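Listed below, chain by chain, are the residues.
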Amino acid sequence: MHTCDSCQHQITTFADYFSNNLYTWCTNCGNYGIHAAVKRALTAENRHACETLLCFDIGCHGNGSDKIGGYRFHGLHGRILPFACGASVANRNLTVMAFGGDGGTLGEGINHLIHAIRGNYNVTFILHNNLNYGLTQGQASSTTKPGMIMTAAPDGITSDPIHPMRFVLSLQPSFAARTFSGDVKHMTETIRAGVRHQGFSFIEILQSCPTYNKATPHEWYQSRVKDVSTLAGYEPSNIAAAREISEDIENQIAIGVLYQNPSSRPFMERQANRQQVTTELINEVAMGDTSKLFDAYR
Amino acid sequence: MHNFLNRYTLKAAGESGQGVNSVGEILAKSLKESGLYTFGYREYPSLIRGGYACHQIDISDQPLTAPSAMTDFLICMSRVSFHVYLPTVRAGGIVIHNLRQLQLTEAEQQLVVDRQLQLAYLPAETMAIETGGKSVMSNVILIGVLWQLLSLDLEPVKAVLRHEFARKPEFIEPNLACLDRGFTEVVPGVAKIKLPFTLVPVREADALLTGNALLALAAVAAGVRAYYAYPMTPSSSILSYLSNAYQETGMLVKQVEDEISVAQMAIGSMYVGTRALVATSGGGFDLMTESVTMAAMTETPFVCILGQRPGPATGLPTWTAAGDLNVAVYAGHGEYARCVVALSDPESAYTILQKAFNLAEKFQTVVIVLTEKEIAESLFQMSELPANEPIERGLVPADQIEALVSSDRYKITDSGVSPRWLPGQSDAVFDANSDEHTPDGSLTEEAEPTKQMYDKRLRKQVSMEAELPDPVVWGPTQASLSFVGWGSPKNTLLDVMKEWNAAHPEKTFNYLHYEYIYPLRIAAFMKFVEASQRVVLIENNALGQLGALITQHTGYLFTERFLKYDGRPFFVEDIIEYLERT
């Protein structure tokens, strides 16, 4: 349902997501392609910019919050998921997307990812996984490979990395996909599937970082990725298959929609007291009748 | 019985898990239905079994809002609670217990003699089983004994028990039989009491509810549509009240994984345009503080109830304090406009939360609503709710939406308040940016735009201060002693004031109460202290935090301070002793 009072057009165009602000990312940063894919996906799904809420964590990707259209919120490091979940439940007419890096999402705010998946909030979440903290100049993240020499780790990383897809699939998500920042078309289709999905859509984007992660540039990913939709008999509703095929992140890396629960019920549809309600929480702010509730204490 | 205060005090004591609180509630309800004013005060440990707990009911034919330290009638159901609470029994008081072969220490024996206490043992569990009930109905035997000794009519208690067990009707008859058994049992060595109060049947219709129940009702009245919380005493019961009512209200009531997420979800819901509420205690609020600054920076309304208990760290989880004013006033890094309000009694609980939402939305910032365990969990008697506050949202009116441009959202204005509209309302989209930003929310690190936006946000503090109500003077304009304070001490002072001032015309007191604490309004304070002979700061903390705030803003130094920080509220005796001593 189109709720915006002022915009005249009914068809979303790429230009609706345009911003006059200049990008500040490094040359060849994966974020350029990701922004392009997000705009293309939202346009292709005809999601009006005035009814889209893009929620950004803190990190290199978050510095793009004012370089794209739509309503945006640029929150705190690690905390964007509960913000986006709280926004999504209050007005289901909005298309809510959230963006976070491997630093904020799998370090400081990792608990939020767990509970966003459990609650199955209707949010499409993009994990910008570039294997390091870029904005603070190249420290290790939870996904940095062991032995890598990073800022503040002159002799290499000693902790074992988190495998994001293994972690997410262990939580029985309703949607899990993987793509990489060198392929705008593949990212666009993956994000479209995530936006259409009813529930929490986890999309890991394997992202190049030309400044602090020389080990895995786009070419490295390009030569290793394999789209699961090209595999005969791959069934995305089979989580065991998703777990198996997503394991390898070194040699043959599975991308595409790895898992989707076809009977996913998003958060608000699960609320027992909201089954007969047709309005949104934002439409219901009015003085409530407390007299009966008070009488119960008499 | 106390010969000064017009009240009589009953205390049911036992260990955690013995149903002390439900005995207290049955007592309070039955006394109220008998035609009395009641005030229920709870002490309990942070344990599920053991320790000592009590539910104390003060009764009077005048309204009461604060507890006594001492008790006239103690019902004891556990040994530990007997030893803890025996010294709280007033001279001539009665102690009924069911503790077989109870041994009193020498000091306790002396205390019984000195105070002329009347002790009686009743094998209440055996009596309950003999009467056809279960051992837990010993509680009801003891209530029957109490009713007998107070010479009260049994019918109101029976009605309360019938109501209490309406869902388990098989328990009604045995309970009523136990009540009768206690009522008729001969209690050797204990004289009956004649309460000096006139019973007024109209009290039957009064409601008994906690400060937290009133906050839950206030949330409904304020149009709150989402409540997020992580359990933490003394705020957890707000979550229970709202979830118990959620079928009627349709409110989204969500227990969230931690207080950071609680705050973030609420800010998300508020940002898109509903009203969301959160409540926590000190430790949970500490976790929220970074998010609080995010609400301030993005100018998103945020309302948080901060239920105080003694800290630091885990402190005394189930006891009371008012030591978190500083954390509310100074919460978070950076400088920003915020509002801090503090409730004291049931009326303020209901009204202030509604006003807090209006302030938060109108000024697009953070409002922290302080309460205390003492207010949150005490049982207050009320005849009616105060009138609801009209909802003021401060949003751009529908007929002005079309003219909006993106840079209106954080437009530099004299008041500091810029137009606020909601995602989905207009194609004038904007970025709500926790980085410093220009009027459309675009990131900036330039000096001049930074200063302009910083000043704009801080100007809201001035605009807000101009709209807040002044602190209120209670009692006579002229008095020999003038208290200044906030929060629950107001209840104790007002409970004492009328009777004390009438009895001591040469030594009267009055009280200046801060409900809207920050931004601090000082004019009424300065006028008050200029007219006062002797000013005493009264606070339920050790540092005199309101006093320090006032000093910071006015230069006024409090030379006399009455501070209490042992986990207990100000009891009426504390005030009387202070007035007598000084």
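Residues numbered from 1 in each chain as written. Chains lettered and ligands numbered in written order. Predicted model: local features only at pLDDT ≥ 70, side-chain atom pairs only at ≥ 80, totals over all residues.

Of regular secondary structure, chain B possesses 20 helices and 21 strands. Here the C-alpha radius of gyration of chain B, 26 Å, is about what a compact globule of 582 residues would show, namely 25 Å. Across its three principal axes, chain B shows a C-alpha extent of roughly 85 × 60 × 40 Å. By the burial criterion, 55% of the 582 residues in chain B qualify as buried. (Helix = DSSP H or I, 4+ residues; strand = E, 2+ residues; numbered from the N terminus. Rg over C-alpha atoms; globule rule 2.2 N^0.38 Å. Buried ≥ 20, exposed ≤ 12 C-beta atoms within 10 Å, placed from the backbone.)

Here chain B is described as being made up of domain 1 (8–205), domain 2 (209–382), domain 3 (398–456) and domain 4 (472–581). Its C-alpha centre places domain 1 of chain B at a distance of 61 Å from the equivalent point of domain 3 of chain B. (Domains from an automatic or database assignment.)

What follows deals with the interface of chain A and chain B. Taken together, the 52 residues of chain A in the interface contact 59 residues of chain B. Among the elements of the structure, strand 2 (71–74), helix 2 (80–90), helix 4 (110–119) and helix 9 (291–295) of chain A are those that each provide at least two residues to the side of chain A that touches chain B. Per-element tally for the side of chain A that touches chain B: the top contributor is helix 2 of chain A, with eight residues. Grouping the amino acids of the side of chain A that touches chain B by side-chain chemistry returns 25 nonpolar, 19 polar and eight charged. Examined bridge by bridge, strand 2 of chain A and strand 15 (residues 431–433) of chain B share three bridges and lie parallel to one another. From the neighbouring strand, His 74 of chain A faces strand 15 of chain B, where its bridge partner is Asn 433 of chain B. (Contact = placed C-beta atoms within 7 Å. Nonpolar A, V, L, I, M, F, W, Y, C, P; charged D, E, K, R; others polar. Pairing = 2+ DSSP bridges.)

Moving on, we come to unusual backbone geometry. Residues and elements named next belong to chain B. Cis peptide bonds are those with omega within 30 degrees of zero, and the linkage from Thr 233 to Pro 234 qualifies with 5°. Mapped onto the elements of the fold, Pro 234 is located in the loop between strand 8 (226–229) and helix 9 (236–244). With omega at -5°, the peptide bond leading from Gly 311 into Pro 312 counts as cis. Structurally, the position occupied by Pro 312 is in the loop between strand 11 (302–308) and helix 13 (325–330).

Helix length check: helix 7 (residues 172–184) of chain B, at 13 residues, gives a terminal C-alpha distance of 18 Å against a target of 18 Å (1.5 Å per residue), a fit within 8%. Contacts from the buried residues of helix 7 of chain B go to helix 4 (124–130), helix 5 (138–149) and helix 6 (155–164) of chain B. (Expected span 1.5 Å × (residues − 1).)

Another aspect to go through is helix 8 (residues 239–246) of chain A. Residue and element names in this part refer to chain A. Those residues of helix 8 that fall on the buried side of the exposure criterion are Ala 242, Ile 245 and Ser 246. All buried residues of helix 8 fall inside an arc of 90° around its axis, so they share one side. Pointing more than 90 degrees away from the buried face of helix 8 are the exposed residues Ala 240 and Glu 244. In the core, the buried residues of helix 8 are packed alongside helix 5 (164–169), strand 5 (175–180) and strand 8 (253–260). (Arc of directions from axis to C-beta.)

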